[in-house]
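# Architecture at a glance
Read off the chains here:
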Amino acid sequence: MTICYFSATGNCLYVAKRIGGTLLSIPQLMKQNDIEITDDAVGIVAPVYAVEMPMMVKDFLSKAKIKTDYFFFVYTYGMGYAAAFAHVEQVCREKGLKLSYINAIQMVDNYLPGFEMQNQIDTLPKKNVEGQIKKLLSDIASRVETPVKITAADKAQMAMYQKMLAKLILCKDTAQGYIVTDNCTRCGICAKVCPADNITVTDKVRFANRCEVCYACLHNCPQNAIHMKNEKSEVRFRNENISLKDIIEANE
Ligand SMILES: Cc1cc2nc3c(=O)[nH]c(=O)nc-3n(C[C@H](O)[C@H](O)[C@H](O)COP(=O)(O)O)c2cc1C
Ligand code: SF4
Ligand code: SF4
């Protein structure tokens, strides 16, 4: 089994590790000219961003040649995934890839403009992450098929979200609005955790216009020196089972 994952704060990396098999980082795969993945089962683990999959994961699915009898998609999310399943169905249909199974694991919501991170972390036990993962592992082991039926109402909801949310939130120049405070030691870690090669650190931290809006730089800066004007939280988050080194190895 091969699992391709995208992760900024470790939730997806943790779920990918729990599923097991050969783990491949989508940001690293995207550096290859040709991507071919052949296995008896192939899965994607990715976060919900603005009720759809991250831009890079969509590009990956368009680019990669995937040959398998069992293709599955697992989201991690915080507060709601609404039309995100419809987005996977749409992308797979356009690619001609049969989607055998889809699921979503509710974890900490790392969306800084929306949530107070300490509250997200404190209320995590209520989400019963291990229970959700246990069911996921059992489904995948038994090769459960969950055909996704997308209704006209789902499609309408997806179109509305894409127009109202995704267009506003998922902008490639987002990081250019981030504020780097004097606490910055120019250690370069933000550049290493960025999955989009969007950061350079010399005499100062500079952001280009390839941002995936993943918040890896904001959440993983050891000095908590990167901020957004509209953040609801000064506290930062990384999945308790995942180290900074793990995120660097995944995204560098
Ligand atoms: C830009 C952005 C948008 C997000 N949008 C949603 C959303 O629409 N619904 C949701 O439940 N969580 C949303 N989240 C939260 C993430 O999906 C969630 O925290 C995920 O588990 C993060 O995975 P990671 O730790 O592997 O990066 C969003 C996060 C970011 C950074
Ligand atoms: S990780 Fe933080 S402290 Fe290090 S260079 Fe980036 S902003 Fe500065
Ligand atoms: S600049 Fe920050 S938010 Fe944008 S892709 Fe890189 S790590 Fe993610």
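The following refers to the structure shown. Remember, predicted model here, so these are calculated numbers, not experimental data.

Rules used throughout
Residues numbered from 1 in each chain as written. Chains lettered and ligands numbered in written order. Predicted model: local features only at pLDDT ≥ 70, side-chain atom pairs only at ≥ 80, totals over all residues. Heavy atoms only, no water. Near = heavy atom within 4 Å. Nonpolar A, V, L, I, M, F, W, Y, C, P; charged D, E, K, R; others polar. Pairing = 2+ DSSP bridges. Helix = DSSP H or I, 4+ residues; strand = E, 2+ residues; numbered from the N terminus. Right-handed = clockwise from strand over helix to strand, strands pointing away. Buried < 20%, exposed > 50% of the residue type's maximum accessible area, 1.4 Å probe, protein only.

## What to know about the site of ligand 2
Near ligand 2 the following residues occur: Cys-184, Thr-185, Arg-186, Cys-187, Gly-188, Ile-189, Cys-190, Val-205, Cys-221, Pro-222, Gln-223 and Ile-226. For the shell around ligand 2, the per-class residue count stands at eight nonpolar, three polar and one charged.

## Observations regarding the pairing of strand S2 (residues 22-25)
In summary, the side chains of a regular strand alternate between the two faces of the sheet. As defined by bridge partners, strand S1 (residues 2-5) adjoins S2 across four bridges and the pair is classed as parallel. Of the residues in S2, the one forming a bridge with Ile-3 is Leu-23. Note on the crossover from S1 through helix H1 (residues 11-19) to S2: the handedness is right-handed.

## Let's talk about the site of ligand 3
Around ligand 3, a shell composed of 14 residues is seen, among which Cys-194, Cys-211, Glu-212, Cys-214 and Cys-217 lie nearest. Residue classes in the shell around ligand 3 are distributed as 12 nonpolar, one polar and one charged.

## Observations concerning unusual backbone geometry
Residues other than glycine seldom take positive phi values, yet Ala-50 does so here, at roughly 50 degrees. Counting through the fold element by element, Ala-50 comes out in the loop between strand S4 (41-47) and helix H3 (55-63). One non-glycine residue, Tyr-215, lies in positive phi territory at about 70 degrees. Positionally, Tyr-215 belongs in the loop between strand S10 (205-207) and helix H9 (216-220).

## Observations regarding the pairing of strand S7 (residues 101-106)
Where burial is concerned, most of S7 is hidden: five out of the six residues are buried. Of the pairings in the sheet, the one linking strand S6 (residues 70-77) to S7 comprises six bridges and is parallel in character. Pairing of Tyr-77 across the sheet is with Gln-106, part of S7. At this point the chain moves from S6, through helix H4 (residues 84-95), to the parallel S7, and the crossover so formed is right-handed.

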